[in-house]
Amino acid sequence: MGRTWFVLIVLALVGVFAALNWNEFTRPSSLSLGLTRVEAPLGVVLLSLIVLLSLLYLLFTIGLETAALLEVKRYAREMLQYKKLAEEAEESRYTELKRFLEAELKRLEEAEKAEINALSARLEETLEKHGNTLAAYIGELEDTLLRLLKKGPGEDPGAKGP
């Protein structure tokens, strides 16, 4: 953009110079074209060449700018496609992670239930053992009490019967 402005300023200065010296620009002179000679104003010929080159530069610049804009547009389209692909991949990863977590939670829940069942069985077994032991102690205590009651008061509880 800066080069374009520079060229426009130079062209404006050339135009001002040509306007100030228009009489000299339009004075005819003999010009050689290689094989032939012609009578034409040298200033107008050179001014025409400058205008023609400026127009060519302008067309070249417009072509470059257009190509750059089209390239940027193509890159933007590609970036949008890549963004969509990345979002889809990320969404599938989230879905996969969700399925993995659900399966893990289910596995942990089943392991916890199995552990609870095992603990429950051990607890029942321990309670049954302690219950049997307690029943044996109660039975022993009952036998001892019955023996003591049969012997009567005043007899030696340590002494064994006949």
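Residues numbered from 1 in each chain as written. Predicted model: local features only at pLDDT ≥ 70, side-chain atom pairs only at ≥ 80, totals over all residues. Heavy atoms only, no water.

Student: Just give me the short version of the packing of aromatic side chains, but keep the residues and values in it.
Tutor: Enumeration over the complete set of coordinates arrives at one aromatic pair. Measuring from centroid to centroid gives 5.9 Å for Phe17 and Phe25, while their planes differ by 75 degrees, and the two rings are edge-to-face. (Phe/Tyr/Trp six-rings, centres within 6.5 Å; stacked < 30°, edge-to-face > 60°.)

Student: Break down the pattern of salt bridges for me, citing the residues and quoting the values.
Tutor: Scanning all chains against the criterion turns up six salt bridges. Measuring nitrogen to oxygen at the nearest pair gives 2.5 Å for the salt bridge that ties Glu24 to Arg27. Residue class for Glu24 comes out partly exposed when judged on its relative accessible area of 48%. Members of the salt-bridge network, linked through shared partners, are Glu71, Arg74 and Glu78. (Salt bridge = Lys/Arg side-chain N within 4 Å of Asp/Glu carboxyl O. Buried < 20%, exposed > 50% of the residue type's maximum accessible area, 1.4 Å probe, protein only.)

Student: Describe the environment of Glu96, listing the residues and the values that go with them.
Tutor: With respect to the element layout, Glu96 can be found in helix α3 (residues 42-151). For the pair Glu96 and Ser120, spaced 24 residues apart in sequence, the C-alpha to C-alpha distance is 36 Å. (Helix = DSSP H or I, 4+ residues; strand = E, 2+ residues; numbered from the N terminus.)

Student: Got a sec to walk through the pairing of strand β2 (residues 37-41)? Specific residues and values, please.
Tutor: Looking down a regular strand, the side chains alternate between one sheet face and the other. The pairing of strand β1 (residues 28-32) with β2 spans five bridges and is classified as antiparallel. Paired with Pro28 across the bridge in β2 is Pro41. Between β1 and β2, which pair antiparallel in sequence order, lie four residues; one of them, Gly34, sits at a positive phi of approximately 100 degrees. (Pairing = 2+ DSSP bridges.)

Student: Now, about the environment of Thr36: what can you tell me, with residues and values included?
Tutor: Position of Thr36 among the secondary structure elements: in the loop between β1 and β2. When the C-alpha positions of Thr36 and Leu146 are compared, they lie 157 Å apart, and in sequence the two are 110 residues distant.

Student: Account for the packing of helix α1 (residues 2-20) against α3, naming residues and giving values.
Tutor: In contact at an axis separation of 12 Å, α1 and α3 are set at 165 degrees when each is read in the N-to-C sense. Put simply, α1 runs roughly antiparallel to α3. Crossing handedness for the pair α1 and α3: left-handed. Of the residues in α3, those touching α1 at Arg3, Thr4, Val7, Leu11, Val14 and Ala18 are Leu47, Ile50, Ser54, Tyr57 and Thr61. Its residues assigned to classes, the contact of α1 with α3 comprises seven nonpolar, three polar and one charged. (Axes fitted to C-alpha atoms, helices over the stretch in contact; angles between N-to-C directions. Parallel < 35°, antiparallel > 145°, perpendicular 65-115°, else oblique. Left-handed = near helix turned anticlockwise from the far one by under 90°. Contact = heavy atoms within 4.5 Å. Nonpolar A, V, L, I, M, F, W, Y, C, P; charged D, E, K, R; others polar.)

Student: Tell me about α3, residues and numbers included.
Tutor: Over its 110 residues, α3 runs 159 Å from end to end, which matches the ideal 164 Å to within 8%, given 1.5 Å per residue. Those residues of α3 hidden inside the fold are in contact with α1, α2 (22-25) and β2. (Expected span 1.5 Å × (residues − 1).)

Student: Give a detailed account of a nonpolar patch on the surface, specifying residues and quantitative values.
Tutor: On the surface, Leu42, Val45, Leu46, Leu49, Leu52, Leu53, Leu56 and Leu59 cluster together into a nonpolar patch covering about 740 Å² of accessible area. One can find Val45 in helix α3. In this structure Val45 comes out as partly exposed when scored by relative accessible area, which is 33%. (Patch = residues over 30% accessible without salt bridge, like charges linked within 9 Å, V, L, I, M, F, W, Y side chains within 5 Å. Areas by Shrake-Rupley, 256 points an atom, 1.4 Å probe, with all protein chains shown as cover.)

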